[in-house]
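Now for the letters of each chain:
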4 protein chains.
Amino acid sequence: MKFSIIRCARAVLHVTDLAAARDFYERVLGFVVTEADESHLYLRGLEEYHHHSLLLKKAPRPAVEALGYKVGSEQELEALYEWFAAQTLQPKWLEAGSQRAVGRAFRVQDSSGLPLEFFAHMDKTERLLQRYDLHRGARVQRIDHFNCAVTDVKRAYDFYVHGLGFACSEYTETEDGKLWAAWLHRKQNVHDLALMNGKGPRLHHIGFWLPDPLSLIHACDVLAAAGYAANIERGPGRHGLSNAFFVYLRDPDGHRIELYNGDYLTSDPDFPPIRWDLDDPRRQTFWGHAAPDSWFEEASVVLDVHSGQPIEPDEPTLAKQKPTFLI
Amino acid sequence: MKFSIIRCARAVLHVTDLAAARDFYERVLGFVVTEADESHLYLRGLEEYHHHSLLLKKAPRPAVEALGYKVGSEQELEALYEWFAAQTLQPKWLEAGSQRAVGRAFRVQDSSGLPLEFFAHMDKTERLLQRYDLHRGARVQRIDHFNCAVTDVKRAYDFYVHGLGFACSEYTETEDGKLWAAWLHRKQNVHDLALMNGKGPRLHHIGFWLPDPLSLIHACDVLAAAGYAANIERGPGRHGLSNAFFVYLRDPDGHRIELYNGDYLTSDPDFPPIRWDLDDPRRQTFWGHAAPDSWFEEASVVLDVHSGQPIEPDEPTLAKQKPTFLI
Amino acid sequence: MKFSIIRCARAVLHVTDLAAARDFYERVLGFVVTEADESHLYLRGLEEYHHHSLLLKKAPRPAVEALGYKVGSEQELEALYEWFAAQTLQPKWLEAGSQRAVGRAFRVQDSSGLPLEFFAHMDKTERLLQRYDLHRGARVQRIDHFNCAVTDVKRAYDFYVHGLGFACSEYTETEDGKLWAAWLHRKQNVHDLALMNGKGPRLHHIGFWLPDPLSLIHACDVLAAAGYAANIERGPGRHGLSNAFFVYLRDPDGHRIELYNGDYLTSDPDFPPIRWDLDDPRRQTFWGHAAPDSWFEEASVVLDVHSGQPIEPDEPTLAKQKPTFLI
Amino acid sequence: MKFSIIRCARAVLHVTDLAAARDFYERVLGFVVTEADESHLYLRGLEEYHHHSLLLKKAPRPAVEALGYKVGSEQELEALYEWFAAQTLQPKWLEAGSQRAVGRAFRVQDSSGLPLEFFAHMDKTERLLQRYDLHRGARVQRIDHFNCAVTDVKRAYDFYVHGLGFACSEYTETEDGKLWAAWLHRKQNVHDLALMNGKGPRLHHIGFWLPDPLSLIHACDVLAAAGYAANIERGPGRHGLSNAFFVYLRDPDGHRIELYNGDYLTSDPDFPPIRWDLDDPRRQTFWGHAAPDSWFEEASVVLDVHSGQPIEPDEPTLAKQKPTFLI
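Owing to the predicted nature of the structure, the values given are computational and were not obtained by experimental measurement. (Residues numbered from 1 in each chain as written. Chains lettered and ligands numbered in written order. Predicted model: local features only at pLDDT ≥ 70, side-chain atom pairs only at ≥ 80, totals over all residues. Heavy atoms only, no water.)

**Observations concerning the overall build of chain A**
Rules: Secondary structure counts use DSSP, requiring at least four H or I residues in a row for a helix and at least two E residues in a row for a strand, with both numbered from the N terminus. Throughout, radius of gyration means the C-alpha value; the globule benchmark is 2.2 Å times the number of residues raised to the power 0.38. Only protein chains enter the area calculation, which uses a 1.4 Å probe; residues under 20% of their type maximum are buried, those over 50% are exposed, and those in between are partly exposed. The criterion used for residue contact is that any of the two residues' heavy atoms lie within 4.5 Å. Each accessible area is a Shrake-Rupley estimate made with a 1.4 Å probe; only the visible protein chains count as cover when residues are assessed. For the purpose of charge, His is not counted, nor are the chain termini; Lys and Arg are scored as positive and Asp and Glu as negative. For the purpose of locating charges, the reference atoms are NZ of Lys, CZ of Arg, CG of Asp and CD of Glu.
The helix and strand inventory of chain A stands at five helices and 18 strands. Computed over its C-alpha atoms, the radius of gyration of chain A comes to 18 Å, within 12% of the 20 Å expected for a compact globule of 327 residues. Along the longest, intermediate and shortest principal axes, the C-alpha atoms of chain A span 50 × 50 × 40 Å. Sorting the 327 residues of chain A into buried and exposed places 68% on the buried side. Taking the intrachain contacts of chain A between residues at least 6 apart in sequence as the baseline, contacts between residues at least 24 apart amount to 69%. A total of about 10500 Å² of accessible surface is found on chain A, and carbon and sulfur atoms cover 49% of it. Between the mean site of the 36 positive side-chain charges and the mean site of the 46 negative ones, chain A shows a separation of 2 Å.

**A look at the relation of the copies chain D and chain A**
Defined as follows: Copy-to-copy alignment: least squares on C-alpha atoms, limited to residues at pLDDT 70 or above in both.
Structural alignment of chain D on chain A gives an RMSD of 0.0 Å, achieved by rotating through 180° and translating 0.0 Å along the axis. Seen this way, the second copy is the image of the first under a two-fold rotation axis. In this assembly, 100% of the residues forming the interface of chain D have copies in chain A that are likewise at the interface, indicating an isologous arrangement.

**Re the relation of the copies chain C and chain A**
With an RMSD of 0.0 Å, the fit of chain C onto chain A corresponds to turning through 180° and sliding 0.0 Å along the axis. Residue by residue, 100% of the interface of chain C is reproduced at the interface of chain A, so both copies engage with the same surface.

**Some points on the interface of chain D and chain A**
Keep this limit in mind: Throughout, buried area stands for the accessible area (probe radius 1.4 Å) lost by two parts on being put together, summed over both. Any Lys or Arg side-chain nitrogen located within 4 Å of an Asp or Glu carboxyl oxygen qualifies as a salt bridge. Polar contact criterion, stated in full: a pair of N or O atoms within 3.5 Å, where within protein one must be able to donate a hydrogen and the other to accept it, and residues adjacent in sequence count only if both atoms are side-chain atoms. Three residue categories are used. Nonpolar comprises Ala, Val, Leu, Ile, Met, Phe, Trp, Tyr, Cys and Pro, charged comprises Asp, Glu, Lys and Arg, and polar comprises the others, including Gly.
Each side of the interface is counted separately: chain D has 34 residues, and chain A has 34 residues. Summed over both sides, the interface of chain D with chain A buries roughly 2900 Å², with 51% coming from carbon and sulfur. Counting every contact that joins chain D to chain A gives eight salt bridges. Where A:Asp270 meets D:Lys124, a salt bridge forms, and the shortest distance between an N and an O atom there is 3.3 Å. For the pair chain D and chain A, the number of links is 19 residue pairs in polar contact (both at pLDDT 80 or more). Of all the elements in the fold, those that place two or more residues in the side of chain D that touches chain A are β1 (5-15) and β17 (274-277) of chain D. Class assignment of the residues belonging to the side of chain D that touches chain A gives a composition of 14 nonpolar, eight polar and 12 charged.

**Focus: helix α2 (residues 74-86) of chain A**
All names here are of chain A. Rules: By this rule, a helix spans an expected 1.5 Å times one less than how many residues it contains. Picture the helix axis, draw a direction to every C-beta atom, and the arc is the one those directions span.
The first and last C-alpha atoms of α2 sit 18 Å apart over 13 residues, in line with the 18 Å expected at 1.5 Å per residue. All of the buried residues along α2 are Leu77, Leu80, Tyr81, Trp83 and Phe84. One side of α2 carries all its buried residues, which in axial view fall inside an arc of 160°. α2 presents Gln75 and Ala86 as exposed residues on the side facing more than 90 degrees away from its buried surface. On its buried face, α2 is in contact with β1 (5-15), β5 (63-71), β6 (92-94), β7 (105-109), β8 (115-119) and α3 (153-163). At the C-terminal side of α2, Thr88 shows a positive phi close to 55°.

**Focus: the domain arrangement of chain A**
Residues and elements named next belong to chain A. So the rule is basically this: Domain boundaries shown here were taken from an automatic or database domain assignment.
Parsing chain A into structural domains produces domain 1 (3-122) and domain 2 (137-299). Computed from C-alpha atoms alone, the centre-to-centre distance between domain 1 and domain 2 is 20 Å. With 45 residues of domain 1 in contact, the opposing surface of domain 2 contributes 41 residues. Ranking the residues of domain 1 by area buried against domain 2 places Cys8, Phe24 and Leu29 at the top, with a combined share of 17%. Our count for the contact surface shared by domain 1 and domain 2 stands at one salt bridge. Between Arg142 and Glu47 there is a salt bridge whose closest N-O contact spans 3.6 Å. Put simply, domain 1 and domain 2 have 14 residue pairs in polar contact (both at pLDDT 80 or more) between them. Elements that contribute at least two residues to the side of domain 1 that touches domain 2 include exactly β1, α1 (18-28), β5 and α2. Top contributing element to the side of domain 1 that touches domain 2 by residue count: β1, with 10 residues.

**Things to note about the pattern of salt bridges**
Tallying each qualifying case throughout the model produces 108 salt bridges over all chains. When the shortest N-O distance is used, the salt bridge between B:Arg10 and B:Glu117 registers 2.7 Å. Of the two residues, B:Arg10 sits in strand β1 (residues 5-15) while B:Glu117 sits in strand β8 (residues 115-119), which places them 107 residues apart along the sequence. For B:Glu117, a relative accessible area of 0% translates into the label buried. B:Arg107 is paired through a salt bridge with B:Glu65; the nearest N and O atoms lie 2.6 Å apart. You can see B:Arg107 sitting in strand β7 (residues 105-109) and its partner B:Glu65 sitting in strand β5 (residues 63-71), a full 42 residues away along the chain. Neither B:Arg107 nor B:Glu65 differs from the other in exposure class; each is buried. Among the charged side chains, a network of salt bridges with common partners joins A:Arg7, A:Lys70, A:Lys124, D:Asp268 and D:Asp270.

**Here's the deal with the pairing of strand β16 (residues 256-261) of chain C**
Residues and elements named next belong to chain C. The criterion, for reference: Pairing between strands is defined by DSSP: at least two bridges between them are needed.
Of all six residues that make up β16, six are buried, and the element is covered over most of its length. Covered by surrounding structure in β16 are Arg256, Glu258 and Tyr260 together with Ile257, Leu259 and Asn261, the residues of both alternating faces. Across four bridges, the pairing between strand β13 (residues 202-209) and β16 is parallel. Residue pairing for β16: Phe208 is matched across the bridge by Leu259. Sheet analysis places strand β15 (residues 245-250) next to β16, joined by six bridges and oriented antiparallel. Note that in β16 the partner of Phe246 across the bridge is Tyr260. The antiparallel pairing of β15 with β16 creates a hairpin that spans five residues between the two strands, and Gly254 there sits at a positive phi of about 90°.

**Details of the packing of aromatic side chains**
All names here are of chain B. To keep things clear, this is the line we draw: Two rings from Phe, Tyr or Trp (for Trp, the six-membered ring) form a pair when their centres sit within 6.5 Å of each other. Planes less than 30 degrees apart are called stacked, planes more than 60 degrees apart edge-to-face, and all others tilted.
Under the defined criterion, the tally for this structure stands at 104 aromatic pairs over all chains. Plain terms: the ring middles of Tyr81 and Phe106 are 5.3 Å apart, the flat faces sit at 85° to each other, and that makes the pair edge-to-face. Remark: Phe106 occurs in strand β7 and Tyr81 occurs in helix α2 (residues 74-86); sequence separation between them is 25 residues. Phe106 shares its class with Tyr81; the two are buried. When the centroid spacing of 5.2 Å and the interplanar angle of 70° are considered together, the rings of Tyr248 and Trp295 count as edge-to-face.

**A closer look at the sheet that holds strand β2 (residues 32-37) of chain B**
Residues and elements named next belong to chain B. Applied cut-off: Lines fitted to C-alpha atoms define the axes here, with helix axes fitted over just the stretch in contact, and angles between the N-to-C directions of these axes take values from 0 to 180 degrees.
Spatial strand order, β2-β3-β4-β1-β5-β8-β7-β6: eight strands in an open sheet with mixed pairing. The open sheet terminates on both sides in strands that have one partner only, identified here as β2 and β6 (92-94). Recorded for the sheet is a direction-independent mean angle of 25° between the axes of neighbouring strands. For β6 and β7, the ladder comprises three bridges, and the chain directions are antiparallel. Across the sheet, residue Trp93 finds its bridge partner in β7, namely Phe106.

**Observations concerning helix α1 (residues 18-28) of chain C**
Residues and elements named next belong to chain C. Regarding α1, the residues found buried are Leu18, Ala21, Phe24, Tyr25 and Val28. With a side-chain oxygen positioned 3.0 Å from the backbone nitrogen of Ala19, the residue opening α1 is Asp17. Gly30 occupies a position one or two residues after α1 and carries a positive phi of about 85°.

**A few points about the environment of B:Pro273**
All names here are of chain B. Within the element layout of this structure, Pro273 appears in the loop between β16 (256-261) and β17 (274-277). Since its relative accessible area comes to 39%, Pro273 is described here as partly exposed. Along the sequence, Pro273 and Ser169 sit 104 residues apart, while their C-alpha atoms lie 4.5 Å from each other. When near neighbours in sequence (up to four residues on either side) are disregarded, Pro273 contacts Cys168, Ser169 and Tyr171.

This is the structure in structure tokens:
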């Protein structure tokens, strides 16, 4: 596999109130806290034996610091760095020891402006998959994917598919054949990264995998009982695209989380990507439910990996189309 | 128990296209067809050993002909008839043999104008509860309740509770203590009949009981796959009131069906009815989702038991309040 | 309803180690502790608004002190006392105040020697049905039934059905028409009390109701993760008789608990009891799994309501038959 | 990935009665029949877009003709053939056109005597993943793994891991460090192939993936209702090893099928294989249930790829150990 990028592996988010975030992610959703200090919260799912898949940092404003991918080896990491450098994208090393639990890493803005991070090593910790006595809330198993709004989906698609060797499982086109959205993967399910036409670069949501559909319903019940009903933004419902059973949440800082279960295996290199027409009713939410405006309008601001400053999003190149329903 | 009214037992609905109805109820939702002819379709759930709980009659316009309750004995039926007669409500006997599979029955408009039917006997048939190889779609188990819009909930409440001996499990009041809705039962769960303030008399929906929450999700998937996504009107979601996991459907004639699972036992005579304030956010759908306008506005017209003509609904006595969210 | 017996309402069990019992019932199975002191543990399910449905008392030896039923009113309680007295069964009053949270009660050995208790009042407490953030383990909702071994099922059946007005939902007969087991109810599901031919009087198990089948699977996972795999005695499986999805557990003192979901409504007085032949393979566990010997041999000893001493069980009148499989 | 072996892809089984097999696999378990003639039945799961994953051939005696793996390309297939030839294992080409829907393939006995097949192409057909209206029975999604008994697990492990580049997710060792069983994968879940110490070479079972745990329970209910209770051999239960929720069935010819849900992602090359001690109670079925003797003793005979004759199984090199419980 080109560059041996394994999978999306962690997100580094800025949040304004770590105690509020911890209540939401740990007490209600059931994430496991591996470690915490006054400015960091390291979270993982029940199946994860790595140190964390979600790092929350205390900051004055909510933002996305990095979307991290795991690479197969230090050699592959080095090769990948060189490739990014050759694209004149100015990758930047973060030496081992500079980040808690993560080995040597580099960060780089992708061609769409998304702040990426790559690393080959993360410290391991106890996996709690069979500690059912500790499972709570949504019983989140593992990080699954990033969904990002970019201004030019076709350009981003070429970057990830032709440049980095991602495979495409499903995609949406406009009537006149323009690429409107794409679901791309390295690991063998529907996606590690979805790209959607929109004001970008922004992070639309992070998807986390759940063990079964009832855990998702229970998550809604627990959220509501714990006073977080207003944080349930959309769903539960079935995605036509990806076939997943889903619900979208907003965390206390407005970052969007998708709880996700039920997509399919994409192990085969000859898997034929599934095409959806933007005006095809099948592209809609499978059960025909409208998503709220906030789901189309709001997303998390991303940071410049060099300056640490927020990147002002641009308007998309395709006329912004908000379908009646959208996956 | 006063008058030994056992439970809501069957609905008699007029539909315009029996073939369309059969596709919806039998093929997609998995109701069992006990019998059918060119103008009748007799349907039952998997747990039901009575001939039917839903009778669809071919007619020029959709309407509700009768909401039927089962009574404990012929003697009790006679006593109940006399009580209605004494209320000058003009009950009307339908002798045994005049209706398929149903014994002697009487019909009467209740104090709100709803067309009721009472009978003590219905023919029995094979129960398919353990014929899992025949279970399909929503795996509907049994009829659960009627939900009706009436112009004066307090008056209807008094009629059913003080007149007929129904018990109240939950109710909603306005800020100034006016009764806005009530959930009333004879059998030992949350309701056989819900009354809601609204343009009435109309039938808002018929609730059917499902064996578990996943059957409800599967029902949505099957509906969508079979081309009925537009018939999913609201949900799935959790009711705060009643605690049920629900989804609302519209049948091909617009009659509203609720698939329902997860309420609780109300066996005890000292069960304290649960009060909800119309402005209390807890009264909302538990997960905080808005119901569509159609759910508030549309309901099925009922027929006069004597003339067979539609009853023109009146405006409710309480200022019509559509909360942001409503159970 | 004769004597207005509402339902099985609480069990009073003797256990040798309250801390061990609390770990099992509260931490692992998710029962709610209403109150506890050094010699009592008062437990309830998530749906229950009464003070408790399971009272564990510290004692030198495990035993069953009482099987408690709730009655509709103090007047009915009095009438019921008189009836027992007339049977020369020597009921014994426990005045209000003598037991925590329970009103005036009486205890009596039934015709088979089972220690019964009847009361009309129990203190109410907060119902946690919608506090999903507190639900854990098996998410036990409420007490459902007692299952008892008696030496003469026919005699016990007559006592409960003809004497006390219980209804029969299902029963098992031998080839030659002898009653081998019977499922009897007051509330409107399959049973409040099951009677089985066996060495008696003994309590075979107490059934608790769960909200859905996945809670039962999760309970097994939590039990195993918490070190209680050896306490899972039988199942999970489907009962042919009652149609329930079940698992049988043994608590730290050996008392048997059934987690139970999925039976059906028995509201109608003309419900035809379902007959099973002892040699009919359908009577077996629906999926055809054998129960372990312990399930047939072991049961909890009951106490004499007057002396407080254990009652030595007698052999059953019917030749003890252990079928290959048994419900 | 070495040789680009993608995943286990199909099994070719001999059955004595195709009509009986079709009833079991299609009507009861819900497999989709892609094609059938008087001597072949081509079956696939709901997620599968390839022509079939299970081919049943009419034959005088039940047997395993081939365990098929998909390879990434024709070039890789050629390279793999050469590798087998270099091992003097005498692979044998089956040219394109000689098998229905399958491209050029070769067959070879592996070092343990198991009859393997490799191919790079299979015809595609309609995927029914979202045709929920057609889903039935167990709702089988896709083939998941082969489990085989071999006489020398260490030798077979070396062949697959060091020879063919399979990765190991979990394994069982005896007290003195002998390899007793191993779970090996190419696709990114727990296994494509499990090897167990036993009389071999034989096929112990084929695992099929289900979408959720309730589909597995429903499958048991449907099997029982359809008269196949005796075909439920073991479970449902939770595997400690692999964490899967499982049930084992025997088809009408005695071939063993596992319905399987709930293992985990194994995408990372540095995944640390999980070691289980043969005497470690954690290795047991997670809930502590014993497997029946048949599960340890019986397995399907495999055929010689050249002669087509059954291979007489040999005794295992490790003293045959049947633990009290085994995964």
